[in-house]
Amino acid sequence: MEKHILVALPLTEAQRETIRQAAPRFAYRFTTQETVTREEILWADAILGNVPVDLIRQNDHLAWFQSNFAGPDPYLEPGVLPADCLVTNATGAYGLAISEWMLGMWLALAKDLVLYRDRQHRHEWNAIERPVRSIAGARVLCVGMGDIGASFARRAHLLGAEVVGVRRHAGECPDYCLRVVDTAHLDEELPAADLVALSLPGTPQTYRMFDAARLARCKQGAILLNVGRGSTVDCDALAAAVQSGALYGAAIDVTDPEPLPPDHPLWGLDTVLITPHISGRFSLPRTLENIVGIFAHNLQRFAAGQTLDNQMSRTTRYVSEDTPGRRLTCE
Ligand SMILES: NC(=O)C1=CN([C@@H]2O[C@H](COP(=O)(O)OP(=O)(O)OC[C@H]3O[C@@H](n4cnc5c(N)ncnc54)[C@H](O)[C@@H]3O)[C@@H](O)[C@H]2O)C=CC1
Ligand SMILES: O=C(O)C(=O)[C@H](O)COP(=O)(O)O
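Residues numbered from 1 in each chain as written. Chains lettered and ligands numbered in written order. Predicted model: local features only at pLDDT ≥ 70, side-chain atom pairs only at ≥ 80, totals over all residues. Heavy atoms only, no water.

- Under the annotation held in an unreviewed UniProt entry, the protein chain carries the name 4-phosphoerythronate dehydrogenase and is attributed to Subdoligranulum variabile DSM 15176.

Structure follows, in structure tokens:
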């Protein structure tokens, strides 16, 4: 039976053709999130792309929503999509882009580049007289070991770091980790970590996982990275921990709330780097290519009546590593 497929992403003609070829019998409309209309959304049986929530909730026959996010949080809220609508996420698409952001931020902080940039602006030729941190030999704690966390863990290991992973359920230990533990062991691992790298989904279990008490368990002078969801870290407590020197600094791409309010103390701290939720953007063309790949793969399965990969549970709000058919990484 012919289905109506709406694609709301800025794709090249070649990418559109990849999608059409995945299910040639279906009818397609290609648009973008900025230009999509209510009529197009109501026409669709399946949608790729995060179209406006207030419009998608008006489509009561939607069979499948493929988000271009790994964390399509607003679409999982009750009443947004029909109860039987399949929801798939884009986990697997972001590892490369975001792990490179993480490496860049880690180096900028560990090597004091961020402080030298400030001195440069003041035309100051002045060395910072204290030992500089090394990546090699550093202990890295990757909290979240899915597509993004594992991608960063592999890169950190290649640079000589010792990597420990934390996952919801411990699972197997890959060869680039010393060990992988579950959340119950997080507090034991924190005091040894020079770098704490968070790539967690926003779920009830991860909400404020890094509050003042947990930040206080971090090693004196540690660096914290957050690329998952802002809700996992208490930003006020993070600012206090950096201000007091308990943590050396932090780099955050996600905050709670977003945008971070203009008067928030984190903005003014020398060793805090803030980017506006851009670490995974399509400005790295591979990210968009990966999303098209995930969608085309699933579209073929949709046409054949098969189970889709990367299917989200509306209760756990992420695709467990243990789910059969989960696409761990596009790298
Ligand atoms: N800053 C950005 O632009 C982006 C942010 N994200 C965010 O990053 C999150 C992670 O993305 P992926 O790595 O693709 O997802 P993923 O599903 O591959 O990995 C999630 C990891 O978090 C772990 N986890 C989940 N709940 C946990 C808990 N309670 N305790 C300990 N570990 C827990 C899982 O075991 C898994 O290892 C997404 O859910 C999304 O919210 C994703 C893409 C872009
Ligand atoms: O995938 C997710 O989850 C994200 O947070 C997005 O990748 C963020 O994407 P942009 O809004 O920066 O395009």
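### Regarding the pairing of strand 9 (residues 195-198)
A regular strand places its side chains so that they alternate between the two faces of the sheet.
Item 1. Here strand 9 shows a buried face lined by Leu-195 and Ala-197 and a second buried face lined by Val-196 and Leu-198.
Item 2. In terms of strand pairing, strand 6 (residues 139-143) meets strand 9 through four bridges, oriented parallel. Of the residues in strand 9, the one forming a bridge with Val-143 is Leu-198.
Item 3. Relative to strand 10 (residues 222-226), strand 9 is paired through four bridges, and the arrangement is parallel. (Buried < 20%, exposed > 50% of the residue type's maximum accessible area, 1.4 Å probe, protein only. Helix = DSSP H or I, 4+ residues; strand = E, 2+ residues; numbered from the N terminus. Pairing = 2+ DSSP bridges.)

### Considering the layout of surface pockets
Item 1. In this structure, the largest pocket spans a volume of roughly 940 Å³.
Item 2. If you go around the largest pocket, you meet 46 residues; those closest to its centre are Ala-70, Gly-71, Ile-148, Leu-200 and Pro-201.
Item 3. Listing elements by their share of the lining of the largest pocket, those giving two or more residues are helix 6 (147-158) and strand 7 (162-167).
Item 4. Broken down by element, the lining of the largest pocket gets its largest block of residues, three residues, from helix 6.
Item 5. Grouping the amino acids of the lining of the largest pocket by side-chain chemistry returns 18 nonpolar, 19 polar and nine charged. (1 Å grid on protein atoms, 1.4 Å probe; cavity = no way out; pocket = protein on both sides within 12 Å on 5 of 7 lines; lining within 4 Å. Points joined across faces, edges and corners; volume = space filled by probe spheres on them. Nonpolar A, V, L, I, M, F, W, Y, C, P; charged D, E, K, R; others polar.)

### With respect to the sheet that holds strand 3 (residues 46-48)
Item 1. Taken in spatial order, the five strands of this open sheet run 2-1-3-4-5, and their pairing is parallel. Both edges of this open sheet fall to strand 2 (27-31) and strand 5 (86-88), since each of them pairs with a single strand only. Sheet twist, expressed as the mean angle between neighbouring strand axes with direction ignored, is 10°.
Item 2. Contacts from helix 1 (residues 13-22) reach strand 1 (4-8), strand 2 and strand 3 within the one sheet, and its direction differs from that of strand 2 by about 155°.
Item 3. Running at roughly 160° to strand 4 (residues 64-66), helix 10 (residues 285-303) makes contact with strand 1, strand 2, strand 3, strand 4 and strand 5 of the sheet. (Axes fitted to C-alpha atoms, helices over the stretch in contact; angles between N-to-C directions. Contact = heavy atoms within 4.5 Å.)

### Side note on the environment of Arg-119
Item 1. Tracing the sequence through the fold places Arg-119 in helix 5 (residues 113-121).
Item 2. Considered as a pair, Arg-119 and Ala-22 are 97 residues apart in the sequence and their alpha carbons are 54 Å apart.
Item 3. The contacts of Arg-119, once residues within four sequence positions are left out, are Glu-124, Asn-126, Ala-127 and Ile-128.

### Some words on the site of ligand 2
Item 1. Taken together, the neighbourhood of ligand 2 is formed by Phe-69, Ala-70, Gly-71, Tyr-94, Arg-229, His-277 and Arg-281.
Item 2. Gly-71 is positioned with one of its backbone polar atoms (N or O) 2.8 Å from an oxygen atom of ligand 2.
Item 3. One nitrogen or oxygen atom from the side chain of Tyr-94 is found 3.2 Å from an oxygen atom belonging to ligand 2.
Item 4. Look at ligand 2: alone it shows 350 Å² of surface, and the protein chains cover 85% of it.
Item 5. Of the pockets mapped on this structure, ligand 2 occupies the largest pocket.
Item 6. Residue classes in the shell around ligand 2 are distributed as three nonpolar, two polar and two charged. (Near = heavy atom within 4 Å. Polar contact = N/O pair within 3.5 Å; in protein donor to acceptor, adjacent residues only side chain to side chain. Areas by Shrake-Rupley, 256 points an atom, 1.4 Å probe, with all protein chains shown as cover. Sits in = over half its atoms within 2 Å of the grid points.)

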